[in-house]
Amino acid sequence: MAASLSDALTRSTLRFRTSSRHELVKGPSTRARAIQVESGSSAIDSATKDPLMLRAIRGEKVERPPIWMMRQAGRYMKIYQDLCKRHPTFRERSEKVDLAVEISLQPWEAFQPDGVILFSDILTPLSGMNIPFDIVKGTGPIIMNPVRSMEDVKTINALEPEKSVPFVGEALGLLRQEVGNNAAVLGFVGAPFTLASYIVEGGTSTHYKVIKKMAFDAPEVYHALLSSITDSVVEYVKYQADSGAQVVQIFDSWASEFCPADFEKYCLPYLKRIVDEVKVTHPDLPLILYTSGSGGLLERLQTTGADVISLDGTVDMEDARRRLGPDQAVQGNIDPVTLFASKEVITDRVLQTVQKAGDKKHVVNLGHGVMQGTPEEHVAHFFKTVRDFRY
C-alpha cells in the first residue's frame, strides 16, 4: 500500500504546463488510467453514465455511496506541501489555472474520489466585487477595507465572473476534460452571511461581534450588504456551472453563530434566494448546503430547497435521516479526527455511517474539512473502504 500510494502521489507532479490560452498538455490521461483498471462493461459504464455522485443525489439505485472530502485538495498531502515551497502564496496557487488544476487533481490521482473539487477559496470573487483582500500564511484572510457603513456597501460592485475570475472557469473546464464521467467536478461558493462575516469583521473572527451587532443595530446596512453579496453569489454559481461544475457546494460555515430564530431572519432568506434563482436557469444543477455546527438548524436548512444537506458532527446520521426524511439527500458526516485513528476504527465508523444513512441519497464525506497532518495512508483507507462497500 505504501509504495503504491507514494507512486500515485508522485505521478501528479509536473503534469501540466499552459500556453497563453491555458490549454492543458497531458501525458497519459487520468481518465485513461482510471478506466484501465476496470474491465469490459464496467469501463464502458464509467465512460457513458453520469458520475456516481449525480446519480446518488438524484435518488437513483447505485451500488455504493459516492465519496469525496471537503478540503481534499491541499495541505495534508506531501505533494501539495512540496508544491507550496515552489509557489508560496495561496492566491498564486488558486488563481493560476495550471496550478489550480494540478492541485485539484492531486487527490484524484492518489485516491480516486467520486468528486473532484476545484482548489480555490470562498473569498476568491471578492476582488471582482471591489473588496480587496489577501490570504496570509499563519494569519488567514485579511480584508483591506472592512465594510461598516451604507457608504461602504455602495462601493461594492456586482460580480462579473467572466471578467474578474476567468481562471475559475478555465480551471473547471479543464477538470471536466480530465476526469470525464469518472467523477463529478465540484465548484463551491461562500454563502452571503459567511462572506459578510469576513468583509465586515476584516478577517477571521471568534465571536462575530461586529457583523452581529450590525445585524441587530443597523439592519438596513446589514440587509443591503447581504442583498448585494447574494446577487454576486448567484452569478458566481451560474458561472461555475456553465464552466464545467456539475455540483456546487454552498458554504455557510459560520451561520450557526446565530441562534435559530436569528438564523431565520439574517441568513435563511439569502440562502433561499440563491437556490431559487439558480434553479430558474439551472434546474438540474445539484446544490449542496453546508453549515458548521448545524445540528440545531437542519429543518431550517432543508427549507432552502438545497438538493443536499451536508451534515457536520453535531448530529448523528440516524437522527438527521429521521428529522429530514428519506427523500432529502444528505452528505457526511464522519469526524475528521477519525482519520487519525486506526484503520479498524476508520472502517467501523464508515460502515456505521453508511448503515445509518441507508441505501439512497447519501454522499460520504467528513463532517468538516480534512485536517492538516492527517496520515495519507489513512485517507487512502477511508476512500478504499467506501469504494469496496456494496449495498
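Residues numbered from 1 in each chain as written. Predicted model: local features only at pLDDT ≥ 70, side-chain atom pairs only at ≥ 80, totals over all residues. Heavy atoms only, no water.

Strand order across the open sheet formed by seven strands is β1-β4-β5-β6-β7-β8-β9, with parallel pairing between neighbours. Either end of the sheet is taken by a strand with one partner, and the two such strands are β1 (115-117) and β9 (362-363). Of the strands in this sheet, β4 (184-190), β5 (247-251) and β6 (287-290) are in contact with helix α13 (residues 219-243), which crosses β4 at around 170°. (Pairing = 2+ DSSP bridges. Helix = DSSP H or I, 4+ residues; strand = E, 2+ residues; numbered from the N terminus. Contact = heavy atoms within 4.5 Å. Axes fitted to C-alpha atoms, helices over the stretch in contact; angles between N-to-C directions.)

Another aspect to go through is the packing of helix α17 (residues 317-324) against helix α18 (residues 343-357). Describing two packed helices takes the angle between their axes plus the distance from one axis to the other. For the pair α17 and α18, interaxial distance at closest approach is 8 Å and the crossing angle is 15°. Accordingly, the angle class assigned to the pair α17 and α18 is roughly parallel. For the pair α17 and α18, the sense of crossing is right-handed. On α18, the residues that touch Met317, Glu318 and Arg321 of α17 are Thr353, Lys356 and Ala357. Residue classes in the contact of α17 with α18 are distributed as two nonpolar, one polar and three charged. (Parallel < 35°, antiparallel > 145°, perpendicular 65-115°, else oblique. Left-handed = near helix turned anticlockwise from the far one by under 90°. Nonpolar A, V, L, I, M, F, W, Y, C, P; charged D, E, K, R; others polar.)

Computed from the structure, the largest pocket encloses a volume of approximately 1,400 Å³. If you trace the largest pocket, you find 41 residues lining it, with Arg71, Arg75, Phe90, Ser120 and Asp121 closest to the centre. Elements that contribute at least two residues to the lining of the largest pocket include exactly α5 (78-86), α6 (90-95), β2 (133-136), β3 (140-143) and α11 (192-201). Considering each element in turn, the lining of the largest pocket owes the most residues, four residues, to α5. (1 Å grid on protein atoms, 1.4 Å probe; cavity = no way out; pocket = protein on both sides within 12 Å on 5 of 7 lines; lining within 4 Å. Points joined across faces, edges and corners; volume = space filled by probe spheres on them.)

The full count for this structure, using the stated rule, is 13 aromatic pairs. Ring centres of Phe251 and Tyr290 lie 5.9 Å apart, and the angle between their planes is 65°; this geometry places the pair in the edge-to-face category. Taken together, the positions of Phe251 in strand β5 and Tyr290 in strand β6 put the pair 39 residues apart, joining distant regions of the chain. On the accessibility criterion, Phe251 (12% relative accessible area) is buried. For Tyr290, a relative accessible area of 2% puts it in the buried group. Arranged with centres 5.2 Å apart and planes meeting at 25°, the rings of Phe258 and Tyr266 form a pair that is stacked. Each of the two residues, Phe258 as well as Tyr266, counts as buried. Following the ring pairs from residue to residue traces out a cluster consisting of Phe193, Phe216, Tyr222, Phe258 and Tyr266. The ring of Phe133 carries the charged tip of Arg91 above its face, separated from the ring centre by 4.2 Å. (Phe/Tyr/Trp six-rings, centres within 6.5 Å; stacked < 30°, edge-to-face > 60°. Buried < 20%, exposed > 50% of the residue type's maximum accessible area, 1.4 Å probe, protein only. Lys NZ or Arg CZ within 6 Å of the ring centre and 35° of its normal.)

On any regular strand, side chains alternate: one points to one face of the sheet, the next to the other face. Side-chain alternation along β6 places Leu287 and Leu289 on one buried face and Ile288 and Tyr290 on a second face that is also buried. Bridge count between β6 and strand β7 (residues 308-310): three bridges; the pairing is parallel. The partner of Ile288 across the bridge, within β7, is Val308.

Moving on, we get to empty space enclosed by the protein. A probe as big as a water molecule, rolled over the atoms, marks out the empty space that is left. Tallied over the entire structure, the rule returns one cavity of 30 Å³ or more. Looking at the largest cavity, its volume works out to about 30 Å³. As for the largest cavity, its lining consists of Ile122, Pro125, Leu159, Val189, Gly190, Leu195, Ser232, Val233 and Tyr236. Put simply, the parts of the chain that give the lining of the largest cavity at least two residues each are β4 and α13. At three residues, α13 tops the list of elements feeding residues into the lining of the largest cavity. Residue composition of the lining of the largest cavity, by class: seven nonpolar, two polar and no charged.

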